[in-house]
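Structural characterization, general
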Amino acid sequence: MAMKSIILITALVAVLAATQAQAQFNFPGVGSRLNISGILSCSANASVNGTNPIPPFPSAVVQLVCGGNVVATTTTNGTGAFSIFLSQFRALLSTILSNCILRVPTPLSNCNATLPSNGTLQAPIQFLGNSIRGFLNFTSGPFTRV
């Protein structure tokens, strides 16, 4: 009888562990910690890459906009890199990917006077995966002028 109880408890623990592992593997919803990063280039429709080097866009404001509302703001560094960290962000992964964008209200003419001063740069966000620390990691898609 004791052996049956041990087997039953072991099976129950295995099922609970598998359920917990599945819950951790699925993308968190309420209370997710997000890390969104990217590099902003000084161009109306391009990204910085090794084959087609375009100067970075330093000191530009980058906004995370979800459902039309600015959720977070950061500024690019001297190399055009930016990171937005959010703890306790309340949305499902599918909602983040379909309803959130990155927007740059800083005029392109701030980094190059020959570029337009009207319009804004916009980019989708792309999911990279979960980190060991529990962050959902995203990167910017290509920025385009709108």
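Residues numbered from 1 in each chain as written. Predicted model: local features only at pLDDT ≥ 70, side-chain atom pairs only at ≥ 80, totals over all residues. Heavy atoms only, no water.

1. Section: unusual backbone geometry
Unusually for a residue other than glycine, Ser59 sits at a positive phi of about 60°. Locating Ser59 in the fold gives a position in the loop between β1 (32-39) and β2 (61-66). (Helix = DSSP H or I, 4+ residues; strand = E, 2+ residues; numbered from the N terminus.)

2. Quick word on the confidence of the model for the protein
With 74% of its residues at a pLDDT of at least 70, the protein reaches an overall mean of 78. Here residues 2-30 scores under 50 on pLDDT; set against residues more than four positions off or in separate chains, the count is 15 contacts. (pLDDT = per-residue confidence, 0-100. Contact = heavy atoms within 4.5 Å.)

3. Section: the side chain of Asn137
Tracing the sequence through the fold places Asn137 in strand β7 (residues 135-140). Only 3.1 Å separates the side chain of Asn137 from the side chain of Asn35, close enough to count as a polar contact. Setting aside anything within four residues of it in sequence, one finds Asn137 in contact with Asn35, Gln126, Phe127, Leu128, Gly129, Asn130 and Ser131. (Polar contact = N/O pair within 3.5 Å; in protein donor to acceptor, adjacent residues only side chain to side chain.)

4. A word on the state of the cysteines
The full count for this structure, using the stated rule, is two disulfides. Through a disulfide, Cys42 is tied to Cys111; the S-S separation comes to 1.9 Å. Judged by the sign of its S-S torsion, about 95°, the bond between Cys42 and Cys111 is right-handed. Here Cys111 lies in the loop between β5 (100-104) and β6 (121-130) and Cys42 lies in the loop between β1 and β2, a separation of 69 residues in the sequence. A relative accessible area of 8% means that Cys42 is categorised as buried. (Disulfide = S-S within 2.5 Å. Buried < 20%, exposed > 50% of the residue type's maximum accessible area, 1.4 Å probe, protein only.)

5. Looking at the pairing of strand β3 (residues 69-75)
As judged from the six bridges shared by β2 and β3, these two strands associate in the antiparallel manner. Across the sheet, residue Gln63 finds its bridge partner in β3, namely Thr73. The antiparallel pairing of β2 with β3 creates a hairpin that spans two residues between the two strands, and Gly67 there sits at a positive phi of about 60°. (Pairing = 2+ DSSP bridges.)

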